[in-house]
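The residues making up each chain are set out below.
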Amino acid sequence: MFGALKTAFRTHQPVSALKSLTQSTPRGFHAMALRFAEQKNTMNPIRPELGASSLFGDVSAHVKEVPVEQGGKATVKEYQFSTANFKTSTKKLRLLANQIKGLDIQNAINQMEFSQKRPGKRVMNTLAFARTNATTQEKYAMDASKLYVDRAWVGKGIYHRRIKTHARGKFGVMHHPTAHLKFTLKERQPETAEAGRATRRKQTKKVWTPLIEDKPIYNPTRVYNW
């Protein structure tokens, strides 16, 4: 019986057809192979159908088709833009990236316009150019009044090395760093009531209250905190 099962797996024929052959032929795999070679033209092997097995039966009857839901959650459009590598360090540029993160696009441009940092003008022009592209291109067609800076991060550029001369014929190496700023713009979605309650719970900072003149101040700090 073991030889019949082994041959059934190789030839894709039912086991019942192999029993009659094993009874009429002598024991041995070689004799059984010769018998199959003679009856190859007369017998039509049963091929398993799609999703079915010749040994375990039809499996497709036990498989349930799951309907695919149409539509679903709408994707939020975003526009990513980046500056070119310019002469500044990542440490200096990261301060500006943290400053514009989460602000509206117009507020971020105003902050960079009046910033005293040298890369501020470069970041301001890049933000204005990205806003124009996000609103005018047909692929995005975003609303300028709802745009805000969702993410902002800094990347490292090429560090140019130059020779710095010293006394007594010695020299050192100077590094001229370059960096770039990348950011993504998204449209601000209207805040729901549940989201507003969640944000109010997360605010752990105490709300400022006016100072009571009749109550004395115990253990005052060295500097008054407004």
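Because the structure is predicted, anything quoted here is derived from the model rather than measured.

## Thoughts on the overall build of the protein chain
Consideration 1: Helix and strand counts for the protein chain come out as 7 helices and 8 strands.
Consideration 2: For the protein chain, contacts bridging at least 24 residues in sequence account for 63% of all contacts bridging at least 6.
Consideration 3: Total accessible area on the protein chain is roughly 18,600 Å²; 54% of this is exposed by carbon and sulfur atoms.

## Details of unusual backbone geometry
Consideration 1: In this structure, alanine 141 is a non-glycine residue whose phi angle is positive, near 50°.
Consideration 2: Positionally, alanine 141 belongs in the loop between helix H6 (120-136) and strand E5 (147-156).
Consideration 3: Overall, the relative accessible area of 46% leaves alanine 141 in the partly exposed class.
Consideration 4: With phi around 60°, arginine 168 is a residue other than glycine that occupies positive phi space.

## Remarks on the nonpolar core
Consideration 1: Ile100, Leu127, Leu181 and Phe183 are the most contacted members of the largest nonpolar core, which has 26 residues in total.
Consideration 2: Secondary-structure elements contributing two or more residues to this core are strand E3 (78-82), helix H4 (90-100), helix H5 (105-113), H6, E5 and strand E8 (178-187).
Consideration 3: In terms of residues, this core owes the most to one element, H6, which gives 5 residues.
Consideration 4: In this structure isoleucine 100 touches Ala108, Met112, Val123, Leu127, Val149, Ala152 and Leu181, once residues within four positions along its chain are discounted.

## Focus on the pairing of E3
Consideration 1: The two faces of E3 differ: Tyr79 and Phe81 on one face are buried, but Glu78, Gln80 and Ser82 on the other face are not.
Consideration 2: Where E3 lies against E8, 5 bridges are found, and the strand directions are antiparallel. Directly across from serine 82, in E8, lies its bridge partner lysine 182.

## Thoughts on the side chain of serine 89
Consideration 1: Take serine 89: it is sitting in the loop between strand E4 (86-87) and H4.
Consideration 2: Apart from the residues lying within four places of it in its own chain, the contact partners of serine 89 are Pro177 and Ala179.

## Regarding the packing of aromatic side chains
Consideration 1: Under the defined criterion, the tally for this structure stands at 4 aromatic pairs.
Consideration 2: When the ring of tyrosine 79 is compared with that of phenylalanine 81, the centres are 6.1 Å apart and the planes differ by 15°; the resulting orientation is stacked.
Consideration 3: On the numbers, 4.9 Å between centres and 85° between planes, the contact of tyrosine 79 with tyrosine 140 is edge-to-face. Taken together, the residues span a long stretch of sequence, with tyrosine 79 in strand E3 and tyrosine 140 in the loop between H6 and E5 at a distance of 61 residues.
Consideration 4: Residue classification places tyrosine 79 among the buried residues on the basis of a relative accessible area of 6%.
Consideration 5: When its relative accessible area of 19% is taken as the criterion, tyrosine 140 is described as buried.

Cut-off values and rules
Residues numbered from 1 in each chain as written. Predicted model: local features only at pLDDT ≥ 70, side-chain atom pairs only at ≥ 80, totals over all residues. Heavy atoms only, no water. Helix = DSSP H or I, 4+ residues; strand = E, 2+ residues; numbered from the N terminus. Contact = heavy atoms within 4.5 Å. Areas by Shrake-Rupley, 256 points an atom, 1.4 Å probe, with all protein chains shown as cover. Buried < 20%, exposed > 50% of the residue type's maximum accessible area, 1.4 Å probe, protein only. Core = buried A, V, L, I, M, F, W, Y, C linked by side-chain atoms within 4.5 Å. Pairing = 2+ DSSP bridges. Phe/Tyr/Trp six-rings, centres within 6.5 Å; stacked < 30°, edge-to-face > 60°.

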